[in-house]
Each structure stands twice: as C-alpha cells, then as structure tokens.
Amino acid sequence: MILFFGTKSGKKEAKTLHHVACPHCHQTGTLTVVRQSNQAHVFWIPVFTINNTSYAECSHCKRVYYKEEFTPEMEQALISSK
C-alpha cells in the first residue's frame, strides 16, 4: 500500500491595517498583515495545521515586521478586524 503524506502551505490571508502607522516611516494605512498556515496532508487532503506564520509589510518603506515585532497598536487592530 502506498501512502502519500506531506506538508503544504495554506492559503494566504492579507488584511490592510487602515488606521495604524508604520513604526519605521510613520505613514498611516500602509501596513498589510499576511497570515499563512502550513498543513499536514494525507493524499493531498489537509488533516491538521502544523504552524501559522504572520508578518506585516509596509507598502511605503517596504519594511517587514514579524509577529514578534508587532506593536500593541498592530495587535489591537488585528484583533478588532476579525
């Protein structure tokens, strides 16, 4: 019997934080948060999520902030946008 098991990146979800300023360039409304999950699959059917990755990118200065670098203002905007 052959068993196909592996991992695959899930769908990216992007949200723009409209009322949050970039900590680096101080432009408001330029931050986009991207979330993506990695999933384990059997026969190309997702079974469970292995981990989730989140980062924010400023479209003005191109600075990237990883989840550990999010400011409290960014965290609050993410919680309220759900």
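To start, this report covers the structure provided alongside it.

Reading guide: rules and limits
Numbers given for residues are sequential positions, taken from 1 along each chain in its written order. It should be noted that, the model being predicted, local features are given only for residues of pLDDT at least 70 and side-chain atom pairs only at 80 or more, the latter also being counted only at that level, while totals for whole chains, interfaces and linings use all residues. With hydrogens and water excluded, all non-hydrogen atoms of the structure serve as input to the side-chain values. Put simply, DSSP marks the helices as runs of H or I at least four residues long and the strands as runs of E at least two long, and each gets a number from the N terminus on. Using C-alpha atoms as the atom set, the radius of gyration is obtained and then compared with a globule rule of 2.2 Å times the number of residues to the power 0.38. A 1.4 Å probe rolled over the protein chains alone gives each residue an accessible area, and that area as a share of the maximum for its type sets the label: buried under 20%, exposed over 50%, partly exposed in between. Throughout, a residue-residue contact means that at least one pair of heavy atoms, one from each residue, lies within 4.5 Å. Working definition of accessibility: Shrake-Rupley area with a 1.4 Å probe, residue cover restricted to the visible protein chains. In this description, a nonpolar core means a group of buried Ala, Val, Leu, Ile, Met, Phe, Trp, Tyr and Cys residues linked to one another through side-chain atoms lying within 4.5 Å. Each aromatic pair joins two rings of Phe, Tyr and Trp (for Trp, the six-membered one) with centres within 6.5 Å, and gets the label stacked for planes under 30 degrees apart, edge-to-face for over 60, and tilted for any other angle. Under the rule applied, a polar contact is a pair of N or O atoms within 3.5 Å (in protein, one hydrogen donor and one hydrogen acceptor; residues adjacent in sequence only if both atoms are side-chain atoms). Patch rule: a residue counts if its relative accessible area is over 30% and it has no salt bridge; like charges are joined within 9 Å, and nonpolar side chains (Val, Leu, Ile, Met, Phe, Trp, Tyr) within 5 Å. Note on definitions: salt bridges are taken to be side-chain nitrogens of Lys or Arg within 4 Å of carboxyl oxygens of Asp or Glu.

**A look at the overall build of the protein chain**
Then comes step 1: Summing up its helical and strand segments, the protein chain has one helix and five strands in all.
Then comes step 2: Listing the helices and strands of the protein chain from first to last along the sequence gives β-β-β-β-β-α.
Then comes step 3: Taking 82 residues into account, the globule formula puts the C-alpha radius of gyration at 12 Å, and the protein chain, at 16 Å, lies well above it.
Then comes step 4: In terms of overall dimensions, the protein chain has C-alpha extents of about 60 × 25 × 20 Å along its principal axes.
Then comes step 5: Counting only residues that meet the buried cut, the protein chain has 26% of its 82 residues in that class.
Then comes step 6: For the protein chain, restricting intrachain contacts to residue pairs at least 6 apart in sequence, the fraction spanning at least 24 positions comes to 48%.
Then comes step 7: When the accessible surface of the protein chain is split by element, carbon and sulfur atoms take 55% of a total near 5900 Å².

**With respect to unusual backbone geometry**
Then comes step 1: Unlike most non-glycine residues, His26 shows phi in positive territory, near 65°.
Then comes step 2: In this structure, His26 sits in the loop between strand S2 (13-17) and strand S3 (31-42).
Then comes step 3: One non-glycine residue, Lys62, lies in the positive phi region at around 65°.
Then comes step 4: Mapped onto the elements, Lys62 comes out in the loop between strand S4 (45-58) and strand S5 (64-66).

**Overview of the nonpolar core**
The nonpolar side chains of soluble globular proteins are, as a tendency, buried together.
Then comes step 1: Among the nonpolar cores identified, the biggest contains 13 residues, and Leu17, Leu31, Tyr65, Phe70 and Met74 are the most heavily contacted of them.
Then comes step 2: Looking at this core, the elements with two or more residues in it are S3, S4 and helix H1 (72-80).
Then comes step 3: In this structure Tyr65 touches Cys22, Pro23, His24, Leu31, Tyr55, Ala56, Phe70 and Met74, once residues within four positions along its chain are discounted.

**A closer look at the packing of aromatic side chains**
Then comes step 1: Inspection of every chain in the model, using the stated rule, returns two aromatic pairs.
Then comes step 2: An aromatic cluster is built from Phe4, Phe43 and Trp44, whose rings are joined through pairwise contacts.

**Here's the deal with the side chain of Thr30**
Then comes step 1: Looking at the secondary structure, you find Thr30 in the loop between S2 and S3.
Then comes step 2: A polar atom in the side chain of Thr30 sits 3.5 Å from the backbone oxygen of Gln27.
Then comes step 3: If we skip the residues at most four places from it in the chain, Thr30 touches Cys22, Glu57, Cys58, Ser59 and His60.

**A closer look at a nonpolar patch on the surface**
Then comes step 1: The grouping of Ile2, Leu3, Phe4, Phe5, Phe43 and Trp44 at the surface amounts to a nonpolar patch, some 720 Å² of accessible area in total.
Then comes step 2: Looking at the secondary structure, you find Phe4 in the segment before strand S1 (5-9).
Then comes step 3: Phe4 sits in the partly exposed class, given a relative accessible area of 39%.

**A look at the environment of Thr28**
Then comes step 1: Structurally, Thr28 is set in the loop between S2 and S3.
Then comes step 2: C-alpha of Thr28 to C-alpha of Leu17: the two residues are eleven residues apart in sequence and 8.5 Å apart in space.
Then comes step 3: Among residues more than four places away in sequence, those in contact with Thr28 are His18, His19, Val20 and Ala21.

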